[in-house]
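Structure assessment
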Amino acid sequence: MGFVRNIPGTDISVSALGLGTVKIGRDQSVKYPQSFSIPDDGAVRKLLALARDSGINLIDTAPAYGNSEERLGTLLDKRHDWVIATKTGEEFEAGVSGFDFSAAHTRMSIDRSLKRLNTDYLDIVLIHSNGNDEDILENSDCVQALQACKEQGKIRAIGMSTKTIAGGLLAASMLDIVMITYNLEQRDQEVLDFARDHKKGVLVKKGLMSGHAGSVRESMKLLFADEGISSVIIGTINPDHMAENVKLAREQIGTD
Ligand SMILES: NC(=O)c1ccc[n+]([C@@H]2O[C@H](COP(=O)([O-])OP(=O)(O)OC[C@H]3O[C@@H](n4cnc5c(N)ncnc54)[C@H](OP(=O)(O)O)[C@@H]3O)[C@@H](O)[C@H]2O)c1
């Protein structure tokens, strides 16, 4: 597999390394090891230009990431060159997370993301789990609402960012894509194996343990060894870190 790969079962091609954008929109209730300042517009433009020039096309955001969606809507040039993944279900207001997986909220959230991101389609929408993965999938209307939005052409692929193995397995059986935790300490291996065998897309979150991984190089070796992983979403607001991550990812994958 090269640096750009097709997400199985979809017509979406993504870079093996994606960009996570929590830190461009939110600095409250985050668990990063170092405090940071949200970068200004000029710094975000430079980061996005570096991502594009490095071959990164996948950007991950969410309504729960402060004003990340609105900022991307303003600062992303050439929208069609990017694959935008956003989420539904979690809201973060006044420093507190709340969750709503109803059909009405899901429809509202999709229309709001379209507006905030200044686009008429979302490439990927993931259910932003509160931890009760199976309950959300089995007992809410969220999946049906997402499927209806997909049929209407508002979304190209749907998935779930899961927190449990059982939920990950169910999400991978029901949806196009599952976003799992995979790093030196925690690996949702069963979900990855199931998704690979059933030709479903896998996105990885927290690949560097939200900045707590001891070795970036060892993390990258692990993250790019499994062909079942479509893309590893790494959060960074530091251009030097982005350049290092791209270099290490390309070394592991064997493409320059
Ligand atoms: N759906 C969900 O429930 C969920 C949950 C968590 C995360 N996510 C998504 O996944 C993305 C990644 O997760 P994450 O941000 O929690 O964790 P992560 O990607 O494992 O780690 C990000 C942290 O690592 C640091 N970092 C990045 N590259 C580095 C390097 N080369 N050397 C040293 N430090 C480096 C970053 O700091 P600098 O900014 O200084 O580089 C940042 O603090 C998020 O941005 C988000 O898009 C989704």
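For the structure, see preceding data.
Note that the structure is a prediction, hence the values are computed from the model and not measured.

Structural notes on the site of the ligand
As a structural note, the neighbourhood of the ligand is formed by 28 residues, with Asp60, Ser161, Leu208, Thr236 and His241 the closest of them. A distance of 2.4 Å separates an oxygen atom of the ligand from a polar side-chain atom of Asp60. Contact with the protein chains removes 88% of the 890 Å² of surface that the ligand exposes when unbound. The cavity where the ligand resides is the largest pocket. Counting residues per element, the ones that place at least two in the shell around the ligand are β12 (231-235) and α9 (239-253). Within the shell around the ligand, the residues separate by chemical class into 10 nonpolar, 12 polar and 6 charged.

Concerning α9
Working note: α-helix, 3.6 residues per turn, so residues spaced by three or four point in the same direction. Between its first and last C-alpha, α9 extends 21 Å over 15 residues, near the 21 Å set by a 1.5 Å rise per residue. Among the residues of α9, those classed as buried are Met242, Asn245, Val246, Leu248, Ala249, Arg250 and Ile253. Buried residues belonging to α9 abut β1 (4-6), β3 (17-20), α1 (41-53), α8 (216-223) and β12.

Quick word on empty space enclosed by the protein
Any empty space left between the atoms is revealed when a probe the size of a water molecule rolls over them. This structure, assessed with the given rule, holds 1 cavity of 30 Å³ or more. As a volume, the largest cavity reaches approximately 40 Å³. Broken down by element, the lining of the largest cavity gets its largest block of residues, 3 residues, from β3. Looking at the lining of the largest cavity residue by residue, the classes come out as 5 nonpolar, 3 polar and no charged.

Examining the layout of surface pockets
Approximately 1400 Å³ is the volume attributed to the largest pocket. Broken down by secondary-structure element, the contributors of at least two residues to the lining of the largest pocket are β7 (96-99), β10 (177-181), β12 and α9.

Section: the environment of Asn132
The residue Asn132 is located in the loop between β8 (122-128) and α4 (133-139) in this model. Look at Asn132 and you get partly exposed, because its relative accessible area is 44%. Between the C-alpha atom of Asn132 and that of Gly167, which follows or precedes it by 35 residues, the distance is 7.8 Å.

Considering the pairing of β8
Most of β8 is tucked away: 7 of the 7 residues are buried. Summarising the sheet, strand β5 (residues 83-88) and β8 pair through 4 bridges and their orientation is parallel. Within the sheet, the bridge partner assigned to Thr86 lies in β8 and is Val125. Pairing between β8 and strand β9 (residues 155-161): 6 bridges, direction parallel. Its bridge partner lying in β9, His128 is registered against Ser161.

Regarding the packing of helix α3 (residues 103-116) against helix α5 (residues 142-151)
In the contact formed by α3 and α5, the axes pass within 8 Å of each other and the chain directions differ by 40 degrees. Here α3 lies oblique to α5, going by the angle between them. For the pair α3 and α5, the sense of crossing is right-handed. For the pair formed by α3 and α5, the contact residues are Ala103, Thr106 and Ile110 on the first element and Cys142, Ala145, Leu146 and Cys149 on the second. Here the contact of α3 with α5 is composed, by residue class, of 6 nonpolar, 1 polar and no charged.

With respect to the packing of aromatic side chains
Scanning the model with the defined rule gives 2 aromatic pairs in all. Plain terms: the ring middles of Tyr32 and Phe36 are 6.0 Å apart, the flat faces sit at 80 degrees to each other, and that makes the pair edge-to-face. Considering the side-chain rings of Phe99 and Phe101, the 6.1 Å spacing of their centres and the 20 degrees angle between planes classify their relative orientation as stacked. What makes Phe101 buried here is its relative accessible area of 11%.

Brief notes about the sheet that holds β8
Spatially, β3-β4-β5-β8-β9-β10-β11-β12 is the arrangement adopted by the 8 strands of the closed barrel, whose pairing is parallel. Recorded for the sheet is a direction-independent mean angle of 30 degrees between the axes of neighbouring strands. Sheet analysis places β3 next to strand β4 (residues 58-60), joined by 2 bridges and oriented parallel. Across the sheet, the residue bridging to Leu19 is Ile59, located in β4. Where α5 meets the sheet, it contacts β5, β8 and β9, and its direction lies at approximately 160 degrees from that of β9.

Details of helix α6 (residues 165-174)
Buried within α6 we find Gly167, Gly168, Ala171 and Ala172. Buried residues along α6 cover an arc of 130 degrees about the axis, so they all sit on one side. Looking at the buried side of α6, the elements it contacts are α4, β9, β10 and α7 (189-197). If you check the start of α6, you find a side-chain oxygen 2.9 Å away from the backbone N of Gly167, and it comes from Thr164.

Conventions we followed
- Residues numbered from 1 in each chain as written.
- Predicted model: local features only at pLDDT ≥ 70, side-chain atom pairs only at ≥ 80, totals over all residues.
- Heavy atoms only, no water.
- Near = heavy atom within 4 Å.
- Polar contact = N/O pair within 3.5 Å; in protein donor to acceptor, adjacent residues only side chain to side chain.
- Areas by Shrake-Rupley, 256 points an atom, 1.4 Å probe, with all protein chains shown as cover.
- 1 Å grid on protein atoms, 1.4 Å probe; cavity = no way out; pocket = protein on both sides within 12 Å on 5 of 7 lines; lining within 4 Å.
- Sits in = over half its atoms within 2 Å of the grid points.
- Helix = DSSP H or I, 4+ residues; strand = E, 2+ residues; numbered from the N terminus.
- Nonpolar A, V, L, I, M, F, W, Y, C, P; charged D, E, K, R; others polar.
- Expected span 1.5 Å × (residues − 1).
- Buried < 20%, exposed > 50% of the residue type's maximum accessible area, 1.4 Å probe, protein only.
- Contact = heavy atoms within 4.5 Å.
- Points joined across faces, edges and corners; volume = space filled by probe spheres on them.
- Pairing = 2+ DSSP bridges.
- Axes fitted to C-alpha atoms, helices over the stretch in contact; angles between N-to-C directions.
- Parallel < 35°, antiparallel > 145°, perpendicular 65-115°, else oblique.
- Left-handed = near helix turned anticlockwise from the far one by under 90°.
- Phe/Tyr/Trp six-rings, centres within 6.5 Å; stacked < 30°, edge-to-face > 60°.
- Arc of directions from axis to C-beta.

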